[in-house]
Amino acid sequence: MADIHEAPHDVTPLPTYFFVFIALAAGTLLTWYASTINLGWANTPIALFIATTKAVLVILFFMHVIHSTRLTWVVIIASFVWLGMLFVLTFADYLTRFWAID
Amino acid sequence: MTSVTYHDVQFLEPAKTRNYLNVDYGALSWLLTKDHKRIGILYMVSISVMFILGGFFALMMRLELLTPEGDLLTSDTYNKFFTLHGIIMIFFFLIPSIPAVLGNFILPIQLGAKDLAFPRINLLSWYLYMIGAFTGLLVVIIGGVDTGWTFYTPFSTQYSNTHVIGTTFGAFIVGFSSILTGLNFIVTIHRMRAPGLTWYRLPLFVWAMYATSLVQLLATPILAITLVMLMIERFIHVGIFDPALGGDPLLFQHMFWFYSHPAVYIMILPAMGVASEVVAAFTRKKIFGYTFVAYSSLAIAFLGFLVWAHHMFVAGISVYSAMIFSFLSYFVAVPSAIKVFNWTATLYKGSVSWQTPMLYILGFIGLFTMGGVTGLFLAALGLDVHVTDTYFVVAHFHYIMVGGAVMGYFAGLHYWWPKITGRMYPEWWARLGALLVFVGFNLTFFPQFILGYLGMPRRYHAYAPEFQVLNVMSTAGASILAVGYMLPLVYLLWSLRFGRKAGTNPWGAVGLEWTTSSPPPKDNFHETPVVTWEAYDYPAMLKAMGETQNV
Ligand code: HEM
Ligand SMILES: [Cu+2]
């Protein structure tokens, strides 16, 4: 099976992992803090923005994607494009449901 | 003297007659096998049991519908029967059918590989399938489920008092077996092709399986999460789909169909792959427009994700999004039509031979086309309002799933049976079976188009008396269909023992699977093949034969 896997060439230095971990912890605190103040319509976008940033960090560093092959990038980006299709077309229903019909 | 020398063994069992079936014996050698061919056979046996069970529920429904009164089954039992029929046929039979049986067996051989990329994961996928299937069987035994195969909320989460959790759990588990098969195929196609076997030399069955696997990988997780959300709501009343708890029932339909429309392509794409193989083999021609047929599989896989809300036109979605989904649904018909035209063009001036696999595929092409065209009727917003939830829809998807996908499975089963078992099936009986299936099928389902158009709703055990004649026709057809399906069960088993020996290449077909012995040796090939020819190079083969044999 050795030919199926890429040789494990993990070049991420240890401090990077600690740094990412601290960023994730900070993100968690930030989410909690943001939930204590009312920002009106921005509540959800801000929470989602922090969560997305954290997810990207995990995918890039903890899942080693930043050092992975192009094919891996294709797989990951395609998965998110598909998720996007689900969201966009579902919201095409929800957001236009109450538009007037002339 | 009883000692056997090395020499004797060689004499008794020359290396050639060693094959994947007789390398070792015993239950464990099957239950713990990592051989893709044996796993394919395990799947074949399991899904056949499911097909018989699903068929039983179908026949009981057709018997009930012989008369307008609900006299044979109570409405509750009828609800359970159509639910179990749908769940068993779709999740436990049709989705695994061609990929897990024929794909498992043939795909690695067509690639010139020894096995799939992950043999252990392949075995795991069968065990997951079995766990899911047993959960399903358990539900049947302890009282069934009545939500329909679509599990629509809020009925499934709030009102149904049948075994919803058990059933969804079974479907959930089987989903993972499907994901693992898809994953295995994708990696295998990328990494394990024989030297010289470039992408554009791949058999079209491989392209079709590749497209199918992508859909399995990208769509099935959505089903899994949707079913988990359903279970959570039913179990601990978290409001996701139930309006009373602040949820939205249409969210369930969106998510369910985001999987289930692509899932209909998980069922039909592999059958299209079989069609390309069989059409080429029995016309002795290259498939017309190879690249178009190859890429149309990928186009179907992609576009199939963009049409799901055509199942929800009358459910209360916004009319604007309904227009978008209607338009996109018309779009998905284009690559399907490309395939149909290209097969037809391949038939043109081919030397067609009427063996059983070809009979099934000719049936497939016609019936799939009718199913596809009536799909376009349904995708038209105005017409759908009239026929949605009637027998018209039932006829539409049976033309595609039974007339199309099941016929494709039977075509492939007959085409590769000599390779799988080393024995020929009896041609005369098999042709009779194909004929009975074709006639029985049309008699069963064509009247349902008319019934639906006249307004007979689906999913009821009683109906208005004026619909009786067409329903009697349908039930009569179903009985013929049942006989047509029973025949292969008998003669295929018979052929295991009494069938003529097949030899390496009984059809005179090209393709790597026809270069190795039947049944294939444990590692598929005695030495790794090197591919120097294009797919379906029948012209070159016929020329070579002409030169050497002067025919
Ligand atoms: C040309 C492509 C197709 C189009 C445009 C199409 C369109 C449609 C539409 C609009 C409906 C909803 C009808 C209604 O509920 O009122 C429908 C139902 C259905 N179609 Fe198709 N279809 C196509 C191909 C397929 C294929 C390839 C399959 C299966 C292999 C399939 C299986 C089904 C099933 C199972 C249903 C009914 C689901 C249910 O409500 O239980 N269709 N189709
Ligand atoms: Cu659909």
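Structure: above.
Values in this document were obtained by computation on a predicted structure and should not be read as measured data.

A. Fine view of the pattern of salt bridges. Residue and element names in this part refer to chain B. Taken as a whole and judged by the stated rule, the model has five salt bridges over all chains. The partner of arginine 201 in a salt bridge is glutamate 534, with the nearest N and O atoms 3.3 Å apart. With a gap of 333 residues between them, arginine 201 in the loop between helix H7 (164–191) and helix H8 (204–236) and glutamate 534 in the loop between helix H16 (468–498) and helix H17 (538–549) connect regions that are remote in the sequence. With relative accessibility at 34%, the residue glutamate 534 sits in the partly exposed group.

B. Seen up close, the packing of aromatic side chains. Residue and element names in this part refer to chain B. According to the stated counting rule, one finds 55 aromatic pairs over all chains in the structure shown. Measuring from centroid to centroid gives 5.9 Å for phenylalanine 446 and phenylalanine 449, while their planes differ by 75 degrees, and the two rings are edge-to-face. Taken as a pair, phenylalanine 446 and phenylalanine 449 lie in helix H15 (residues 427–454) at a separation of three residues, close to a single helical turn. A relative accessible area of 7% places phenylalanine 449 in the buried class. Among the aromatic residues, those joined into a cluster by ring pairs are Phe91, Trp149, Tyr152, Phe241, Phe252, Phe256 and Trp257. It is arginine 38 that lies over the ring of tryptophan 30; its NZ or CZ is 4.3 Å from the centre.

C. Quick look at the interface of chain B and chain A. Each side of the interface is counted separately: chain B has 24 residues, and chain A has 19 residues. Here chain B and chain A share an interface that buries about 1900 Å² over both sides, 73% of which is from carbon and sulfur atoms. The tally of links between chain B and chain A comes to zero salt bridges. Counting across the interface, chain B meets chain A through five residue pairs in polar contact (both at pLDDT 80 or more). The greatest single-element share of the side of chain B that touches chain A, amounting to five residues, is contributed by helix H11 (residues 319–347) of chain B. In terms of residue class, the side of chain B that touches chain A is made up of 17 nonpolar, five polar and two charged.

D. Here's a closer look at the packing of H11(B) against helix H12 (residues 356–379) of chain B. Residues and elements named next belong to chain B. Two elements in contact, H11 and H12, have axes separated by 10 Å at closest approach and are oriented at 155 degrees. With respect to each other, H11 and H12 are oriented roughly antiparallel. Between H11 and H12 lies a crossing of left-handed hand. Here H11 contributes Ser326, Ser329, Tyr330, Ala333, Ser336, Val340, Trp343 and Leu347 to the contact with H12, which in turn contributes Met358, Leu362, Phe364, Ile365, Phe368, Thr369, Leu376 and Ala379. Within the contact of H11 with H12, the residues separate by chemical class into twelve nonpolar, four polar and no charged.

Reading the values: the criteria
- Residues numbered from 1 in each chain as written.
- Chains lettered and ligands numbered in written order.
- Predicted model: local features only at pLDDT ≥ 70, side-chain atom pairs only at ≥ 80, totals over all residues.
- Heavy atoms only, no water.
- Salt bridge = Lys/Arg side-chain N within 4 Å of Asp/Glu carboxyl O.
- Helix = DSSP H or I, 4+ residues; strand = E, 2+ residues; numbered from the N terminus.
- Buried < 20%, exposed > 50% of the residue type's maximum accessible area, 1.4 Å probe, protein only.
- Phe/Tyr/Trp six-rings, centres within 6.5 Å; stacked < 30°, edge-to-face > 60°.
- Lys NZ or Arg CZ within 6 Å of the ring centre and 35° of its normal.
- Contact = heavy atoms within 4.5 Å.
- Buried area = accessible area lost by both parts, 1.4 Å probe.
- Polar contact = N/O pair within 3.5 Å; in protein donor to acceptor, adjacent residues only side chain to side chain.
- Nonpolar A, V, L, I, M, F, W, Y, C, P; charged D, E, K, R; others polar.
- Axes fitted to C-alpha atoms, helices over the stretch in contact; angles between N-to-C directions.
- Parallel < 35°, antiparallel > 145°, perpendicular 65-115°, else oblique.
- Left-handed = near helix turned anticlockwise from the far one by under 90°.

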